[in-house]
Amino acid sequence: MAAAFIIVVFVIMCVLMYTKKLNAMVALPLMAVIIALIAGIPWSDATQADGTKLSGLQTLLFIDGPARLASAMITFIFGAVLAQLVSSTGIAETVIRKVSELVGERPLVLSIALFIVLSLLYTTLGGLGAIIMLGSIVLPIMISVGVEPVVAGVILIFASSVGGTFNLANWSVYIQTLQLTQETVLRYAWYCGGIFAVLGILFVIIEVKFHGISRLFGRRKGASGSAAWPVPEADTAQPTYKKAPWYSLITPLVPLVAVIGFKLNINVGFILGIVYAFITTLNKASLKQLTKAITDGISNSAGALFLLIGIGMLLKVVMDARVTSILSPVLSAVLPKSALTYVIFFTVLAPLALYRGPLNVWGLGLGLASVMVATGNLSATAMMAALLSTGQMQGICDPTNTGNVWTAAYVQTDVNNILKKALPYVWVGVFLSLIVASVMYF
């Protein structure tokens, strides 16, 4: 009976987040409280007859819970500071402008080049601020050479998710939650990111050169593409922008080289990136710029940090033995036990990563994943691969993503059109990534 009540709570919270009646930052801690009460966890700590200490609700929620993902929070902060510095020093904008100048006004070549460059930039950048900054640059450029506005928007979002696969800050969540090493995450990220990078380029070719497989919006006519959003004057005239020195343009790669090439800690990689960006763009305002990057980075991370606190609370509750003993028998009956059922199960259920659903890392995903691993049916590595694969659907297609909402507004389309345009490609990518995972982990 208790398991049924907990499942009902999960479903209700999904519906509330889906309908935007409840924000994930509120829903996750609230869910943790309700599940703890259903499992009969008391307010105060208790000591059993054998001397074993059982944590109470106040310890799980307000002491251990908020600190559960503390390491991941620190990584997010360092990553956000570097992202702000890459933005404020003009590094990201300079890279985009240089590529556009080199490629010229060839829609297909330009779109592929921008997709690749954006993917590289998003290995360091992240969040709505980065979407707005880069989107304001690349969307008018693509639209002005004839790329359909909604396609340009998907290219921007697709690249952000591909780059996010190699974003070290994102890895920290899997490392902390599932107790994995960064080498383990990296090993699968190469395959998953590579598959989606190929599909992203395939999307560009099909949608830009052949005008799409579904022709939802029709072919734009005219050499200029008859853009639905007018190109800003600053992009049609000789633009003035903050140019960064050429040797500073490799800043987004510094953390990756440090972590992947030299096996350094993720936080160390971000710090080296910050130091490199600071030194290579040094001027009389650099110290002020660094200080602003720190404060803005922390400020822009506030929502993600609070969400991590909520996830930590939920994790402590659902991983408590009194809860896992209730849920494990139910999940054991439905979870896949072979490579084939693993691929089918998570491919079919991949849309549950949308709308803060059960497979959404930034919703219910990590809590539910921990319980799934606790059943013994799935290894932590297989669960990580499933979340990383289905997470691409969330990162690219989810209409609740603020980046998707901003992009849709900019190109003057409904946010669900981005979902419809990208979904066929992303779902294929999820399927292929899961096949690779099934070979690796079963």
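These numbers were taken from a predicted model, which means no experiment stands behind them. (Residues numbered from 1 in each chain as written. Predicted model: local features only at pLDDT ≥ 70, side-chain atom pairs only at ≥ 80, totals over all residues. Heavy atoms only, no water.)

### Digging into the packing of helix α8 (residues 149–165) against helix α20 (residues 402–410)
Two quantities define a packed helix pair, namely the angle between the axes and the distance from one axis to the other.
Alright, step 1. Interhelical geometry of α8 versus α20 gives an angle of 160° and a closest axis separation of 9 Å. As far as their axial angle goes, α20 and α8 are roughly antiparallel. Along this stretch, α8 crosses α20, giving a crossing that reads as right-handed. Across from Gly-153, Leu-156 and Ile-157 in α8, the residues of α20 making contact are Gly-403, Asn-404, Trp-406 and Thr-407.
Alright, step 2. Here the contact of α8 with α20 is built from residues that sort into three nonpolar, four polar and no charged. (Axes fitted to C-alpha atoms, helices over the stretch in contact; angles between N-to-C directions. Helix = DSSP H or I, 4+ residues; strand = E, 2+ residues; numbered from the N terminus. Parallel < 35°, antiparallel > 145°, perpendicular 65-115°, else oblique. Left-handed = near helix turned anticlockwise from the far one by under 90°. Contact = heavy atoms within 4.5 Å. Nonpolar A, V, L, I, M, F, W, Y, C, P; charged D, E, K, R; others polar.)

### Here's the deal with the pattern of salt bridges
Alright, step 1. This model, assessed by the stated rule, comprises five salt bridges.
Alright, step 2. Taking the shortest distance from any N to any O, the salt bridge between Lys-53 and Asp-45 comes out at 3.5 Å.
Alright, step 3. Note on Lys-53: relative accessible area 58%, which makes it exposed.
Alright, step 4. Its relative accessible area of 31% is what places Asp-45 among the partly exposed residues.
Alright, step 5. In this structure, the salt-bridge partner of Arg-322 is Asp-320, at a minimum N-O distance of 2.7 Å.
Alright, step 6. Exposure remark for Asp-320: the relative accessible area of 12% places this residue in the buried category. (Salt bridge = Lys/Arg side-chain N within 4 Å of Asp/Glu carboxyl O. Buried < 20%, exposed > 50% of the residue type's maximum accessible area, 1.4 Å probe, protein only.)

### Some points on the side chain of Ser-433
Alright, step 1. Take Ser-433: it is sitting in helix α21 (residues 415–441).
Alright, step 2. We classify Ser-433 as buried; its relative accessible area is 0%.
Alright, step 3. Ignoring anything within four residues of it in the chain, the contact list for Ser-433 reads Tyr-188, Cys-192, Ile-195, Phe-196 and Ser-389.

### What about the packing of aromatic side chains?
Ring pairs (aromatic) are described by centroid distance and by the angle formed between their planes.
Alright, step 1. One pass over the structure, following the stated rule, counts 10 aromatic pairs.
Alright, step 2. Taking 6.0 Å as the distance between ring centres and 70° as the angle between the ring planes, the aromatic pair formed by Phe-115 and Phe-158 counts as edge-to-face. On the criterion of sequence distance, the pair formed by Phe-115 in helix α6 (residues 107–121) and Phe-158 in helix α8 is long-range, its members being 43 residues apart.
Alright, step 3. On the basis of relative accessible area, Phe-115 is assigned to the buried category, the value being 2%.
Alright, step 4. On the numbers, 5.0 Å between centres and 85° between planes, the contact of Phe-203 with Tyr-425 is edge-to-face. Residue Phe-203 is found in helix α10 (residues 182–209), and its partner Tyr-425 is found in helix α21; the two are separated by 222 residues along the sequence.
Alright, step 5. By relative accessible area, Phe-203 is classed as buried at 1%. (Phe/Tyr/Trp six-rings, centres within 6.5 Å; stacked < 30°, edge-to-face > 60°.)

### Things to note about the packing of helix α4 (residues 70–88) against helix α13 (residues 266–280)
Alright, step 1. Direction vectors running N to C along α4 and α13 enclose 20°, while the axes themselves pass 9 Å from each other. The orientation of α4 relative to α13 falls into the category roughly parallel. Judged by the sense of rotation from one axis to the other, the crossing of α4 with α13 is left-handed. Of the residues in α13, those in contact with Ile-74, Thr-75, Phe-78, Gly-79, Val-81, Leu-82 and Leu-85 of α4 are Ile-266, Asn-267, Phe-270, Ile-271, Gly-273, Ile-274, Ala-277 and Phe-278.

### Describing the side chain of Asn-167
Alright, step 1. Relative to the helices and strands, Asn-167 is located in the loop between α8 and α9 (168–178).
Alright, step 2. Exposure remark for Asn-167: the relative accessible area of 6% places this residue in the buried category.
Alright, step 3. Among the polar contacts made by the side chain of Asn-167, one reaches the main-chain carbonyl oxygen of Thr-123 at a distance of 3.5 Å.
Alright, step 4. Residues within four places of Asn-167 in sequence aside, it is in contact with Tyr-122, Thr-123, Thr-124, Leu-125 and Phe-270. (Polar contact = N/O pair within 3.5 Å; in protein donor to acceptor, adjacent residues only side chain to side chain.)

### So, the nonpolar core
When a protein is soluble and globular, its nonpolar side chains tend to lie buried together.
Alright, step 1. Counting 148 residues, the largest nonpolar core has Ile-35, Leu-125, Phe-158, Trp-171 and Tyr-342 as the members making the most contacts within it.
Alright, step 2. Top contributing element to this core by residue count: α10, with 12 residues.
Alright, step 3. In contact with Phe-158, not counting residues within four places along its chain, are Phe-115, Phe-196, Leu-199, Gly-200, Phe-203, Ile-396, Tyr-425 and Val-426. (Core = buried A, V, L, I, M, F, W, Y, C linked by side-chain atoms within 4.5 Å.)

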